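# Per-entry structural report
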Amino acid sequence: MKLKVYTIFVLCCLFSPMASILYAQTAQRFMLTLSPDGKSVLDCYLPEQPSGKAIVDCPGGGYSHLSMQNEGHDWADFFNQQGIAYFVLTYRMPNGDRSIPMSDAYNAMKTVRDSAQVWRINPSAVGIMGFSAGGHLASTVCTHAPENLRPNFAILFYPVISMDENETHKGSVNGFLGQQKNDKELVYEFSNYNAVKSNETPPTILILANDDRAVPPLTNAIPYYSAMQRAGISCALHVYPTGGHGFGFRETFPYHNQMLDELRAWLALTK
């Protein structure tokens, strides 16, 4: 009798609406070129059962290269299974010209919103995600983009926030600001905790490890969280005891499953 009950339970779960969402997959994958030189690309993953939400992802790499797998494509199934359209952005390296990656990220946001009807996306539910230097780019879009390109929510993994090379990842500063890295006004402007604004900067979740030696939490993610709190903007902060920097989607991260559960719960409550 117990076996029969269990079998019925499993069958009911498999054919329930929740199960259909759980086992939903990527329905369509394609690539779009965003820049005239063909070097900025948007890799698109559209889900079988769209929820209306979408996320543009900015992988990290210190503004010198891109970690496309661990901080990019590996996340596609996780989001598509929740009905979230997912877009991995290959942005061009700044080499001291910050406008280059910024324009690529802006173009990605515009492309997703312009194509919202065709891709079954709610244009008011388009978020951005970024890792490390990609987290700096994502937070720059959150704090500097014009209103029509600003994300509706943000996911920032161990983000570079400061552009003061005394308190952040020096390579990211050199890549983003180049020869202007000693310009105090630019350092202030693009240390994005200084650019958080009430009713403008979107709700955010920050995910990082306490033992991150590459991008110190106390001078990057924590000041951003504090600025969000002062501005009265919804912000979640998850600091795991260990894991270092750059864990992304790696299953070797000790809190991988917990992190995914907490991110999934936050997304479910984010409009």
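What this report covers is the structure whose coordinates are included nearby. Since we're looking at a predicted model, the values are computed, not measured.

Reading guide: rules and limits
- Residues numbered from 1 in each chain as written.
- Predicted model: local features only at pLDDT ≥ 70, side-chain atom pairs only at ≥ 80, totals over all residues.
- Heavy atoms only, no water.
- Helix = DSSP H or I, 4+ residues; strand = E, 2+ residues; numbered from the N terminus.
- Buried < 20%, exposed > 50% of the residue type's maximum accessible area, 1.4 Å probe, protein only.
- Contact = heavy atoms within 4.5 Å.
- Lys, Arg positive; Asp, Glu negative; His and termini not counted.
- Charge placed at Lys NZ, Arg CZ, Asp CG, Glu CD.
- Core = buried A, V, L, I, M, F, W, Y, C linked by side-chain atoms within 4.5 Å.
- Pairing = 2+ DSSP bridges.
- Axes fitted to C-alpha atoms, helices over the stretch in contact; angles between N-to-C directions.
- Parallel < 35°, antiparallel > 145°, perpendicular 65-115°, else oblique.
- Left-handed = near helix turned anticlockwise from the far one by under 90°.
- Nonpolar A, V, L, I, M, F, W, Y, C, P; charged D, E, K, R; others polar.
- Salt bridge = Lys/Arg side-chain N within 4 Å of Asp/Glu carboxyl O.

In this section: the overall build of the chain. In terms of regular secondary structure, the chain is built from 10 helices and eight strands. Principal-axis analysis of the C-alpha atoms places the extent of the chain at approximately 75 × 40 × 35 Å. Looking at the chain as a whole, 53% of its 271 residues qualify as buried. If you take every contact in the chain between residues at least 6 apart in sequence, the share linking residues at least 24 apart comes to 73%. Of note, the chain has its 20 positive side-chain charges centred 5 Å away from the centre of its 23 negative side-chain charges.

This next bit is on the nonpolar core. Grouped together as the largest cluster of nonpolar side chains are 84 residues, with contacts concentrated most on Trp75, Phe79, Phe87, Ile155, Phe157, Leu263 and Leu267. If you tally residues by element for this core, the top one is helix α4 (residues 99-114), at six residues. Phe79 has contacts with Ile55, Ile84, Tyr86, Met129, Ile155, Leu263 and Leu267, leaving out every residue within four places of it along the chain.

A few words now on the sheet that holds strand β1 (residues 26-33). Taking strand neighbours across the sheet as the criterion, the eight strands line up as β1-β2-β4-β3-β5-β6-β7-β8 in an open arrangement whose pairing is mixed. Every interior strand has two partners, whereas the edge strands, β1 and β8 (235-240), have only one. Mean inter-strand twist for the sheet, computed between neighbouring axes without regard to direction, equals 15°. Taken together, the seven bridges between β1 and strand β2 (residues 41-47) define a ladder with antiparallel strand orientation. Its bridge partner being in β2, Arg29 is matched across the sheet by Tyr45. Running over the sheet, α4 touches β1, β2, β3 (54-58), β4 (85-90) and β5 (126-131) and is turned about 150° from β5. Contacting β3, β5 and β6 (154-157), helix α6 (residues 133-144) runs over the sheet at an angle of about 150° to β5.

With respect to the element layout, Asn182 can be found in the loop between α7 (170-177) and α8 (184-189). For Asn182, a relative accessible area of 62% gives the class exposed. Residues Asn182 and Met163, spaced 19 residues apart in sequence, show a C-alpha to C-alpha distance of 9.7 Å.

All right, on to the packing of α4 against α6 then. Interaxial distance between α4 and α6 falls to 10 Å at its minimum, and their mutual angle equals 70°. Here α6 runs roughly perpendicular to α4, going by the angle between their axes. Our pair here, α4 against α6, has a crossing hand that is right-handed. For the pair formed by α4 and α6, the contact residues are Pro101, Met102, Ala105, Tyr106 and Met109 on the first element and Leu137, Thr140, Val141 and His144 on the second. When its residues are assigned to classes, the contact of α4 with α6 shows seven nonpolar, two polar and no charged.

With that settled, the discussion passes to the environment of Pro50. Relative to the assigned elements, Pro50 resides in the loop between β2 and β3. In this structure Pro50 comes out as partly exposed when scored by relative accessible area, which is 26%. Measuring from C-alpha to C-alpha, the distance between Pro50 and Asn148 comes to 22 Å, with 98 residues separating the pair along the chain. Those residues in contact with Pro50 that sit more than four places away from it in its chain are Gly83 and Arg120.

Scanning the model with the defined rule gives six salt bridges in all. A salt bridge links Asp261 to Arg264; its shortest N-O distance comes to 2.9 Å. With Asp261 and Arg264 both in helix α10 (residues 256-269) and three residues apart, the pair spans about one turn of that helix. Taking relative accessible area as the criterion, Asp261 reaches 46% and is therefore assigned partly exposed. By relative accessible area, which is 34% here, Arg264 ends up partly exposed. One network of salt bridges, with partners in common, ties together Asp37, Arg92 and Asp104.

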